[in-house]
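Understanding the architecture of this molecule
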Amino acid sequence: MTRRYFGTDGVRGRVGEEPITPEFIMRLGYAAGVVLAAKDNHAVEHPAVLIGKDTRISGYMLEAALEAGFAAAGVDVMLCGPMPTPAVAYLTRALRLQAGVVISASHNPYDDNGIKFFSAQGTKLPDAVELAIEAQLEQPMACMPSARLGKARRIDDAAGRYIEFCKSTFPNELDLRGLKLVVDSAHGAAYQVAAKVFHELGAEIVGVGDTPNGLNINDKVGATAPQTMRDTVLATHADAGIALDGDGDRLVMVDAAGGVYDGDRLLYVIARHLSRTTKVTGVAGTLMSNLGFEHALARLKIPLGRAKVGDRYVLEMMQANDWVLGGENSGHVICLDRHTTGDGIIAALQVLAALRAGKETLQTACADLVLYPQKLINVRLVAGFDWTKSADILAAMATAETVLAGNGRVLLRPSGTEPLLRVMVEGRDEAVVVQQAEYIASVVKRVIEQHGSVVSPG
């Protein structure tokens, strides 16, 4: 069965447009509730779910719609308000609930929103459960008799529980005393918890992106816009900066000199530290992981596996290979020995633990890592066009690979969320990389235009 609503990270879209409407979200809550109730083994107690959200103004509306849908299906609801996505995953597991639900569109602008689910184990829902929910969505929505309706209540200590959990992942023999850290919460879900975690471990905190108003999430702040954090680090003479995205599962850091460290660099710092005390049998990356990162890991005798883009696929590779570390260069870092899902705060703590243990800075820890220049160009696709069957595009890719002469990579992949073909070229020589990326993109555009004129004459 093909997914109609679920993507690689739940259901997402523009608020007010299908599927992110109150009516659909209520039906989604009901469908998920029916599926969860069927899976529940408790004969007497109601199944229960946890709902968390980020700070988008639409979260109030969607939370109410979800709550109504679950209650109609006879599922109890626990509400924790604004809370990072990984916090919902943790609390779902800690409270022994049947599922966790997050209302968030992650790093997207405020007028987008989405719904994603976690299993009772704090992991993304298995494919079979998502497909069962989609199948239930095709059925009419009903309502349990009044005596069997679900109830709702708020969890008042959710933030405190999660803060303590995050702190527990930092080594007991270490602390952050003497460090000044800029913590950028992207005006998002982590605004009430992120700074407290680092402060309670001893750091002096300069807060950024911690005054959400429902409309400013990810707006010139956070992991997707680290310039504000970088400027604040330089202005306050801080030791480092930590930037999360709107739902708190993505991390970008900055050093005292203003150098920006993406997911590949941060994964390298953690992997390098772990390799000094344990055998790291592999790290899971993606097709977009930098070739320089792969080569640096190889020097540590650590293989890099490349999964499809998306933290869901990274996690699947980690589980299949029994690896504890993986992530994406966008800043999703998964430390499976610490949490069941990617967590920006916990990832930052593991980086800081590595630096404190080795008495290093981000700059010295990454001294042996040289990332290759990458050029990414997005080309809009037309319906029905299969680029893999174009001899001209394949020839352009082959030409670029010949020019790179083994010192780079060519990657073409369709976007999972937009009608775009992403053209990426990577290599040692930036000028050659840019030239070849633009060359391939021009060929792709020409072939698509020719295809469009054929399928849509006039």
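Here, residues in each chain are numbered from 1, in the same order as that chain's written sequence. At least 70 in pLDDT is required for a residue's local features to be given in this predicted model, at least 80 for side-chain atom pairs to be given and counted, and no such filter applies to totals for whole chains, interfaces and linings, which use all residues. Side-chain calculation: all heavy atoms of the structure are included, whereas hydrogens and water are not.

At least two DSSP bridges between two strands are required for those strands to pair. By definition, any uninterrupted DSSP run of H or I lasting at least four residues is a helix, any uninterrupted run of E lasting at least two residues is a strand, and each is numbered from the N terminus. One open sheet accounts for 6 strands, arranged β1-β5-β4-β2-β3-β6; its pairing is mixed. Pairing within the sheet leaves two strands with one partner each, and these edge strands are β1 (11–14) and β6 (152–154). For this sheet the average axis-to-axis angle between neighbouring strands, irrespective of direction, equals 20 degrees. When checking whether two residues touch, look at their non-hydrogen atoms; a contact exists if any pair is within 4.5 Å. Comment: axis = line fitted to C-alpha atoms, over the contacting stretch for helices; angle = value between 0 and 180 degrees taken between N-to-C directions. Along the sheet, helix α2 (residues 58–72) makes contact with β2 (48–53), β3 (76–82), β4 (99–103), β5 (112–119) and β6, crossing β2 at roughly 170 degrees.

Moving on, we come to the sheet that holds strand β16 (residues 374–380). The strand order across the open sheet formed by 3 strands is β16-β18-β17, and the pairing between neighbours is antiparallel. If you trace the sheet from one side to the other, it starts and ends with β16 and β17 (408–414), each paired once. Neighbour-to-neighbour, the strand axes of this sheet turn through a mean angle of 15 degrees, independent of strand direction. On top of the sheet, helix α13 (residues 391–404) reaches β17 and β18 (420–427); it is set at about 155 degrees to β17, its chief contact.

Considering every residue of the protein chain, the mean pLDDT works out to 94; 97% of them sit at 70 or more. The predictor's confidence in any single residue is recorded as pLDDT, a number from 0 to 100. The low-confidence segment residues 454–458 (pLDDT under 50) makes 0 contacts with residues lying over four places distant or belonging to another chain.

So, on to the packing of aromatic side chains. Stacked, tilted and edge-to-face are the three classes applied to pairs of Phe, Tyr and Trp rings, where Trp contributes its six-membered ring and a pair requires centres within 6.5 Å; stacked means planes under 30 degrees apart, edge-to-face means over 60, and tilted covers the rest. By the definition in use, this model includes 3 aromatic pairs. Between Phe6 and Phe117 the ring centres are 6.0 Å apart and the planes differ by 45 degrees, which places this aromatic pair in the tilted class. With Phe6 in the segment before β1 and Phe117 in strand β5, the pair connects residues that are 111 residues apart, well separated along the chain. Just as Phe6 is buried, Phe117 falls in that class too. Arranged with centres 4.0 Å apart and planes meeting at 5 degrees, the rings of Tyr90 and Phe165 form a pair that is stacked. Of the two residues, Tyr90 is situated in helix α3 (residues 85–94) and Phe165 in helix α5 (residues 158–168); the sequence distance between them amounts to 75 residues. Burial classes: relative accessible area under 20% of the type maximum marks a residue as buried, over 50% as exposed, and values in between as partly exposed (1.4 Å probe, protein chains only).

As a further point, take the pattern of salt bridges. We define a salt bridge as a side-chain nitrogen of Lys or Arg found within 4 Å of a carboxyl oxygen belonging to Asp or Glu. Evaluated as defined, the whole model comprises 29 salt bridges. In this structure, Arg27 engages Glu23 in a salt bridge whose closest nitrogen and oxygen atoms are separated by 2.9 Å. With Arg27 and Glu23 both in helix α1 (residues 22–39) and 4 residues apart, this pair spans about one turn of that helix. One network of salt bridges, in which partners are shared, links Asp9, Arg12, Lys116, Lys124, Asp247, Asp249 and Asp311.

Here, patches come from residues exposed beyond 30% relative accessible area and free of salt bridges, joined within 9 Å for like charges and within 5 Å for nonpolar side chains (Val, Leu, Ile, Met, Phe, Trp, Tyr). All accessible areas in this document rest on Shrake-Rupley with a 1.4 Å probe, and a residue is counted as covered only by the protein chains that are shown. On the surface, Ile57, Tyr60, Tyr110 and Leu215 cluster together to form a nonpolar patch covering roughly 430 Å² of accessible area. Looking at the secondary structure, you find Leu215 in the loop between β8 (204–208) and α7 (227–236). Among the residues examined, Leu215 registers a relative accessible area of 43% and is labelled partly exposed.

A word on the packing of α3 against α5. Running from N to C, α3 and α5 point in directions that differ by 95 degrees, and their axes come no closer than 10 Å. As the angle between them shows, α3 and α5 are arranged roughly perpendicular. Residue-level inspection shows Pro86, Ala87, Tyr90, Leu91 and Arg93 of α3 in contact with α5, the latter providing Ala158, Arg161, Tyr162 and Phe165. Under the convention adopted here, Pro, Cys and the residues Ala, Val, Leu, Ile, Met, Phe, Trp and Tyr are nonpolar, Asp, Glu, Lys and Arg are charged, and Gly plus all remaining residues are polar. Of the residues contributing to the contact of α3 with α5, the split by class is 7 nonpolar, no polar and 2 charged. Note that the term roughly parallel is reserved for angles under 35 degrees, roughly antiparallel for angles over 145, roughly perpendicular for angles of 65 to 115, and oblique for everything else.

What helix α4 (residues 127–137) keeps buried is the set Val129, Glu130, Ile133, Glu134, Gln136 and Leu137. All buried residues of α4 lie within an arc of 160 degrees about the axis, which places them on one face of the element. Each direction from the helix axis to a C-beta atom contributes to the arc, which is the arc of those directions.

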